[in-house]
Amino acid sequence: MSARKLYRYVVNVQSDWLAADCLASGGMVVSCAFPTSRETLDSVPPPRRHLASRIALLGLGMLVACGGPYPQSTLAPRSDFGVAIDRLFTGIFWWALVVFVVVEGLLLYSVLRFRHREGGPAPKQHHGHTALEIAWTLAPALILVFIAVPTVRTIFSTDKAAPDALRVEVVGHQWWWEYRYPDLGIVTANELHLPVGRPVAVDITSADVIHSWWTPALGGKRDASPNHHSFLGFRPDSIGMYTGQCVEFCGASHANMRLRTFVESDSAFEAWVAMQRSTPAPPETGSAEEAGRQAFQRYGCIGCHTIAGFSSGTIGPNLTHIGGRTTIASGMMMNSEEHLRRWIENPPAMKPGAMMPSMHVSATDLTPLIAYLQSLK
Ligand SMILES: [Cu+2]
């Protein structure tokens, strides 16, 4: 308790005062107890003391927000859909700025020009000024039209697939993404590969609860709902790796449900496709990888994971080419020996609520098991 401070935290809700005793730690409110009786509410003093420091904090926060670079920004669009949204945002931003300047200008003018002067006369009152009333009814309506027309036009222009689009199916799972390319016969997870310049038609659904798929640089987000298919179409225009994540709260590891989208040159994408379609050769007899493959069977990993030519479980991600992924556990950790070790030892310890239980793999089995997984390129 010594390092913590008890703050009297006051929140103004629609001209009424709601008071709460809040336990604060390191600048974060940890818990609040709201009093119930009217007397306690009335006895709370207004929050004057911390005003200056709060304004300073807010200013600091806004300054920090001006930094960068931010990997997940819609303001650096890398697809036609992303550009369309950005253009819409910029247009609406300028309209909002005009409204802000006009309204605040009039407000400031009125406050200063008609302020109370000792002994001065009350300002002249205006009631029922028809021209003014027509003006301030029409002006907002017109501004809304200027916002609505481009918005609706953008919605219609982005809701259909181009005929030559590459089809991709996205299935959200707690807490990872399954990717299928129905025309290419590829099933993979968490890391999507797309060729630059080619339109993509993404079909999004869920195997359990509602998730939402979003790679901010590539355009809009779409809910992944069970028994429902959402469409997302875009054409990536720049080579690069773009991160994204689940944006619909879906349980304990919602924030650990990340994703990576690799936009590649045609040749790099073709090479990736060829690799994904190949079946990994069985490990050499007597090798560590072969011992690892046996462990993969013995510990029941085969019940949940597909490895082409070997196992066919579908509860967890397809591991046929797990060695070729840059991350594991839905973009949570880099794909390294150390992380694979910690993951397989105890997945829920790395990722709260993970649907893969600890399989109690012995230390002697773990090393060859990891060697086997890493050999699956
Ligand atoms: Cu999710």
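In this text the structure is predicted, and so the values were computed from the model without any measurement.

**A short note on helix α2 (residues 51-65)**
For α2, which comprises 15 residues, the first-to-last C-alpha distance of 21 Å matches the rise-based estimate of 21 Å (1.5 Å per residue) to within 8%. Burial within α2 is sparse, with just 0 of its 15 residues counted as buried.

**Quick look at a nonpolar patch on the surface**
On the surface, Leu 75, Phe 89, Phe 93, Trp 94, Leu 97, Phe 100 and Val 101 cluster together to form a nonpolar patch covering roughly 740 Å² of accessible area. Structurally, Leu 75 can be placed in the loop between α2 and α3 (80-113). Residue Leu 75 is classed as exposed on the basis of its relative accessible area, which comes to 55%.

**What to know about the pattern of salt bridges**
In a structure, side chains of opposite charge can pair up when their charged atoms sit close to one another. According to the stated counting rule, one finds 5 salt bridges in the structure shown. Notably, a salt bridge pairs Arg 298 with Asp 365, separated by 3.1 Å at the nearest N-O pair. Pair noted here: Arg 298 is in helix α6 (residues 288-298) and Asp 365 is in helix α9 (residues 363-375), with a separation of 67 residues, a long-range link. Its relative accessible area of 53% is what places Arg 298 among the exposed residues. When the shortest N-O distance is used, the salt bridge between Arg 341 and Glu 337 registers 3.3 Å. In this pair, Arg 341 and Glu 337 both sit in helix α7 (residues 337-345), 4 residues apart, roughly one turn of the helix.

**A closer look at the confidence of the model for the protein chain**
Mean pLDDT for the protein chain: 87, with 87% of residues reaching 70 or above. Ignoring residues within four places in sequence, the model shows residues 1-32, a span with pLDDT below 50, making 60 contacts including any to other chains. Scored below 50 in pLDDT, residues 34-41 shows 10 contacts in the model against residues more than four places distant or in partner chains.

**Topic: the coordination of the copper ion**
Looking at the copper ion, one finds its protein donor set to be His 211 (ND1), Cys 246 (SG), Cys 250 (SG) and Met 257 (SD), positioned 2.1 to 2.6 Å from the metal centre. Bound by 4 donor atoms, the copper ion shows angles of 90 to 125° at the metal and therefore tetrahedral coordination geometry. With a relative accessible area of 0%, Met 257 lands in the buried category.

**A closer look at unusual backbone geometry**
Following Gln 174, the chain continues to Trp 175 via a peptide bond in cis, the omega torsion being 5°. Here Trp 175 lies in the loop between β4 (166-173) and β5 (176-181). With a phi close to 65°, Asn 190 is a non-glycine residue in the positive phi region. With respect to the element layout, Asn 190 can be found in the loop between β6 (186-189) and β7 (191-195). Given a relative accessible area of 5%, Asn 190 falls into the buried group. A positive phi angle, close to 60°, is found at Ala 329, a residue other than glycine. Locating Ala 329 in the fold gives a position in the loop between β16 (327-328) and β17 (333-334).

**A closer look at the pairing of strand β8 (residues 200-206)**
For β8, a buried count of 6 out of 7 residues is recorded, marking the element as mostly surrounded by other parts of the structure. Summarising the sheet, β4 and β8 pair through 7 bridges and their orientation is parallel. For Gly 172, the partnering residue across the bridge sits in β8 and is Ser 206. Pairing of β8 with strand β11 (residues 230-234) involves 5 bridges; the strand directions are antiparallel. Across the sheet, Val 202 pairs through a bridge with Leu 232, a residue of β11.

**Examining the packing of aromatic side chains**
This structure, assessed with the given rule, holds 9 aromatic pairs. The interplanar angle of 35° and the centroid separation of 6.3 Å between the aromatic rings of Phe 89 and Phe 93 together place this pair among those described as tilted. One end of the pair is Phe 89 and the other is Phe 93, both in helix α3 and 4 residues apart, which spans about a single turn. The class for Phe 89 is partly exposed, based on a relative accessible area of 46%. Residue class for Phe 93 comes out partly exposed when judged on its relative accessible area of 40%. An aromatic cluster of three or more residues is present, and its members are Phe 89, Phe 93 and Trp 94.

Analysis parameters
- Residues numbered from 1 in each chain as written.
- Predicted model: local features only at pLDDT ≥ 70, side-chain atom pairs only at ≥ 80, totals over all residues.
- Heavy atoms only, no water.
- Helix = DSSP H or I, 4+ residues; strand = E, 2+ residues; numbered from the N terminus.
- Expected span 1.5 Å × (residues − 1).
- Buried < 20%, exposed > 50% of the residue type's maximum accessible area, 1.4 Å probe, protein only.
- Patch = residues over 30% accessible without salt bridge, like charges linked within 9 Å, V, L, I, M, F, W, Y side chains within 5 Å.
- Areas by Shrake-Rupley, 256 points an atom, 1.4 Å probe, with all protein chains shown as cover.
- Salt bridge = Lys/Arg side-chain N within 4 Å of Asp/Glu carboxyl O.
- pLDDT = per-residue confidence, 0-100.
- Contact = heavy atoms within 4.5 Å.
- Donors = N, O, S within 2.8 Å, 3.2 Å for Na, K, Ca; no water.
- Tetrahedral: all angles 85-135°; square planar, octahedral: opposite > 155°, others 65-115°.
- Pairing = 2+ DSSP bridges.
- Phe/Tyr/Trp six-rings, centres within 6.5 Å; stacked < 30°, edge-to-face > 60°.

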